[in-house]
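Residue-level structural notes
Listed below are the residues making up each chain.
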Amino acid sequence: MPREPLIAIVGKPSSGKSTTLNSLTDAGAKVGAFPFTTIEPNKATGYLQLPCACSRFGKEDLCKPNYGACKKGTRFVPIMLLDVAGLVPGAHEGRGLGNKFLFDLSTADALIHVVDVSGTTDSNGKATRGYDPLNDIDWLQEEIRQWVQGNLTKNWGSVVRRHTSTKSMAVETLQRQFSGYGANMNMVQLAINQYYKDYQCTNLPPLETWDNEMITKIVKSFLKIKFPTVLALNKIDHPDADKNISKIVLKYPNDKIILSSAITEVFLRKLAKQGYVQYEEGTEFVDTHEDIDTLKVMDEKLSQRVEKIRDLVLYRFGSTGVVQVLQAAVDILDLVPVYPVRNMNTFTGSSGNNVFRDCVMVKRGTQVGAVARSIMGDVTIVAIEGVGGIKISEEDVVDKGKNDILSFKLVSNN
Ligand SMILES: Nc1nc2c(ncn2[C@@H]2O[C@H](COP(=O)(O)OP(=O)(O)OP(=O)(O)O)[C@@H](O)[C@H]2O)c(=O)[nH]1
Ligand SMILES: [Mg+2]
C-alpha cells in the first residue's frame with residue numbers, strides 16, 4: 001500500500017499546534033501556555049471524514065474498513081499528523097529549536113499553519129495582549145524558505161560543477177538536491193512549471209548562471225508544490241480574534257483559510273467521552289441531558305461553559321473548525337479516495353462479506369495503472385476493472401467518483 005499522506009502542523013510556539021493535534025486524534029500531546037512545550041515531534045492518526053462508496057450502493061451495513069471506520073456511510077480515513085516544535089523568527093539560523101524542527105517536517109506532504117489570532121502570544125510565543133498576528137504568516141513562510149534555500153546553496157559551487165560536468169538538466173540537478181524532501185522528478189517538474197506561472201516565463205536560464213534572486217524564486221515555487229499550506233486561524237473563541245481574522249483574510253485572499261478553536265473541540269470530545277454530551281465531531285450539534293435523557297446531568301458551572309461554547313463558537317462559526325482544517329489539507333493536496341476491491345460484483349476483499357475494506361488517498365488525475373502499481377507493487381497486471389466489470393485502460397485517470405472503485409486482475413489470478 002502507498003504510505004498515508006503526512007500532514008505537519010507548524011506555527012510559532014503556543015499557537016495551539018499540540019491542541020490541534022489532540023483535537024483531531026487521541027494523541028494526548030502535552031499542551032502548555034509557555035513556549036516550546038513540544039520539543040520532540042508528536043505523531044498521531046487523524047481521521048478524514050468523507051462519504052463512503054458503500055453509500056452509493058446501499059451497502060452501509062456491510063462496510064467494515066481494515067483501517068479507520070465507516071459509520072452509516074461516512075468513512076473515516078486515517079491520515080498521519082505530525083505536531084512539531086514551535087518555530088520562531090531566526091529559526092533557520094538556529095534560534096529557538098531552530099533547524100531540528102525544520103528537519104522534522106521535511107517529509108510532510110502538506111502543512112497546517114496554526115496562527116494564534118487571539119493576539120495573546122508574541123512572535124516568540126510569549127504571553128502578551130494585543131499582539132497583531134498579521135505578520136506571523138509571512139515570517140514563518142520565510143523561515144522555511146530560508147532553511148530550504150540554505151540547504152540548497154550550502155555547496156552551490158560543487159552542485160554547479162557536477163551539473164555542468166555531467167551535462168545534467170536543471171530538473172535532474174534540482175531533484176538530486178531536493179531528494180531529502182522526498183521530491184521525485186515529477187514534483188520538481190511541477191515546481192518548474194509553477195515557476196513559469198509565478199514569473200510568467202517559458203524557460204529556465206542555465207543553472208550555472210543562477211544568482212541568489214533566481215534561486216529564491218525557484219525555492220519559492222518548489223515550496224508551493226512541496227508544502228501546500230492551510231492557514232488555521234486558531235483561538236477564535238477569544239474576544240480579540242475577530243478583528244485579526246478580518247485583517248488576515250483581507251491580506252491573503254487566495255490562501256486556504258479555516259477558522260478554528262482547537263481547545264473547544266478537545267473539550268467537547270472529552271465531555272462526549274465522559275457521557276455528558278452527544279457531539280457530532282465537526283458539526284454545531286451538541287446535545288445535553290435536556291435533549292437526550294440518557295446523558296449525564298451537568299452541574300451549573302459545566303452547563304454554563306457548554307452554553308458559552310455554543311454562543312461563542314458553534315453558533316457564530318458553525319463548528320470548531322478543526323475537522324474542516326484536516327479536510328482543507330486534503331483538498332489542497334487534491335486527493336481523492338480510491339477503493340481497491342477483489343470482487344467487482346460484491347465489492348468484497350479476498351475473504352468475507354464485508355465491502356470496501358480498503359481505501360487509499362490518491363492524487364486526482366493519477367493514471368489508473370500508476371494507482372495499481374502503488375497498491376499492488378511490482379506485479380504484472382493483466383486488466384483493471386471498474387464498476388459493472390467495465391475494463392479500464394491503464395492510462396485512464398482517477399477523479400472524484402470516477403475510476404475510484406477498482407479491481408486489479410493479476411497474472412497469478414488467472
Ligand atoms: N483560547 C484558546 N486557547 C487555546 C486554543 N488552542 C490552544 N490554546 C491554548 O494555547 C496554549 C498553547 O497551546 P499548545 O497546544 O501547547 O501550543 P503549541 O503550539 O503546541 O506550543 P509549543 O509546543 O510550545 O510550540 C495552551 O494554553 C492552550 O490551552 C484555542 O482554540 N483557544
Ligand atoms: Mg506543542
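- Taking an unreviewed UniProt entry as the reference, the chain is identified by name as OBG-type G domain-containing protein belonging to Saccharomycopsis crataegensis.

**Some words on the pairing of strand 10 (residues 335-340)**
- In terms of burial, strand 10 is largely enclosed, as 6 of its 6 residues are buried.
- Both faces of strand 10 are covered, namely the face carrying Leu335, Pro337 and Tyr339 and the face carrying Val336, Val338 and Pro340.
- Direction of pairing for strand 10 relative to strand 11 (residues 360-363): antiparallel, over a ladder of 4 bridges. Among the inter-strand pairings, leucine 335 is bridged to a residue of strand 11, identified as lysine 363.
- By the bridge criterion, 2 bridges tie strand 10 to strand 14 (residues 405-410) in an arrangement that is parallel. For proline 340, the partnering residue across the bridge sits in strand 14 and is leucine 406.

**Re the domain arrangement of the chain**
- Entries for the chain in the domain assignment read domain 1 (155-220), domain 2 (262-320) and domain 3 (339-410).
- Centre-to-centre, using C-alpha coordinates, domain 1 lies 51 Å away from domain 2.

**Describing the nonpolar core**
- Counting 92 residues, the largest nonpolar core has Ala8, Ile9, Ile112, Ala232, Val325, Ala329 and Phe356 as the members making the most contacts within it.
- Top contributing element to this core by residue count: helix 11 (residues 322-333), with 7 residues.
- Core analysis: the next-biggest nonpolar cluster, separate from the first, contains 5 residues, Leu271, Tyr276, Val277 and Tyr279 among them.

**Notes on the site of ligand 1**
- Inspection of the region around ligand 1 gives 26 residues, with Gly16, Ser18, Thr19, Thr38 and Gly86 positioned closest.
- Every element with two or more residues in the shell around ligand 1 is listed here: helix 1 (17-24) and helix 9 (262-273).
- Per-element tally for the shell around ligand 1: the top contributor is helix 1, with 3 residues.
- Classifying every residue of the shell around ligand 1 gives 8 nonpolar, 15 polar and 3 charged.

**What to know about unusual backbone geometry**
- In the Ramachandran plot, glutamine 200 falls in the positive-phi region, its phi being about 40° despite a non-glycine side chain.
- Following the sequence through the fold, glutamine 200 ends up in the loop between helix 6 (185-198) and helix 7 (212-226).
- Backbone geometry at phenylalanine 356 places phi at a positive 45°, although glycine is not the residue there.
- Among the secondary structure elements, phenylalanine 356 is positioned in the loop between strand 10 and strand 11.

**A word on the environment of valine 398**
- With respect to the helices and strands, valine 398 occurs in the loop between strand 13 (391-392) and strand 14.
- By C-beta crowding, valine 398 is classed as buried, having 23 other C-beta atoms within 10 Å.
- For the pair valine 398 and leucine 174, spaced 224 residues apart in sequence, the C-alpha to C-alpha distance is 28 Å.

**Structural notes on the packing of helix 1 against helix 9**
- Running from N to C, helix 1 and helix 9 cross one another at 35°; their axes reach a closest spacing of 8 Å. As helix 1 packs across helix 9, the resulting crossing turns out to be left-handed. For the pair helix 1 and helix 9, the contacting residues are Thr19, Thr20, Asn22 and Ser23 in the first and Ala262, Ile263, Glu265 and Val266 in the second.
- Its residues assigned to classes, the contact of helix 1 with helix 9 comprises 3 nonpolar, 4 polar and 1 charged.

**Description of the packing of helix 3 (residues 136-153) against helix 7**
- In the contact formed by helix 3 and helix 7, the axes pass within 10 Å of each other and the chain directions differ by 120°. It follows from the interaxial angle that helix 3 and helix 7 lie oblique. The interaxial crossing formed by helix 3 with helix 7 has right-handed handedness. Along its contact with helix 3, which presents Ile144, Arg145, Val148, Gln149, Leu152 and Thr153, the element helix 7 presents Ile215, Thr216, Val219, Lys220 and Leu223.
- Here the contact of helix 3 with helix 7 is built from residues that sort into 6 nonpolar, 3 polar and 2 charged.

**Here's the deal with the sheet that holds strand 10**
- Across the sheet, which stays open at both edges, the 5 strands sit in the order 11-10-14-12-13 with mixed pairing between neighbours. With partners counted over all chains shown, the strands left at the sheet margins are strand 11 and strand 13, one partner each.
- In the sheet, strand 12 (residues 381-385) pairs with strand 14 via 4 bridges, with the strands oriented antiparallel. By the bridge assignment, alanine 383 is partnered in strand 14 with lysine 409.

**Some details on the pairing of strand 5 (residues 110-116)**
- Most of strand 5 sits inside the fold, with 7 of its 7 residues counted as buried.
- Side-chain alternation along strand 5 places Ala110, Ile112, Val114 and Asp116 on one buried face and Leu111, His113 and Val115 on a second face that is also buried.
- Across 4 bridges, strand 1 (residues 6-10) lies against strand 5 in parallel orientation. Within the sheet, the bridge partner assigned to isoleucine 7 lies in strand 5 and is alanine 110.
- Where strand 5 lies against strand 6 (residues 229-234), 6 bridges are found, and the strand directions are parallel.

Cut-off values and rules
- Residues numbered from 1 in each chain as written.
- Chains lettered and ligands numbered in written order.
- Predicted model: local features only at pLDDT ≥ 70, side-chain atom pairs only at ≥ 80, totals over all residues.
- Buried ≥ 20, exposed ≤ 12 C-beta atoms within 10 Å, placed from the backbone.
- Helix = DSSP H or I, 4+ residues; strand = E, 2+ residues; numbered from the N terminus.
- Pairing = 2+ DSSP bridges.
- Domains from an automatic or database assignment.
- Core = buried A, V, L, I, M, F, W, Y, C linked by C-beta atoms within 7 Å.
- Near = placed C-beta within 6 Å.
- Nonpolar A, V, L, I, M, F, W, Y, C, P; charged D, E, K, R; others polar.
- Axes fitted to C-alpha atoms, helices over the stretch in contact; angles between N-to-C directions.
- Left-handed = near helix turned anticlockwise from the far one by under 90°.
- Contact = placed C-beta atoms within 7 Å.
- Parallel < 35°, antiparallel > 145°, perpendicular 65-115°, else oblique.

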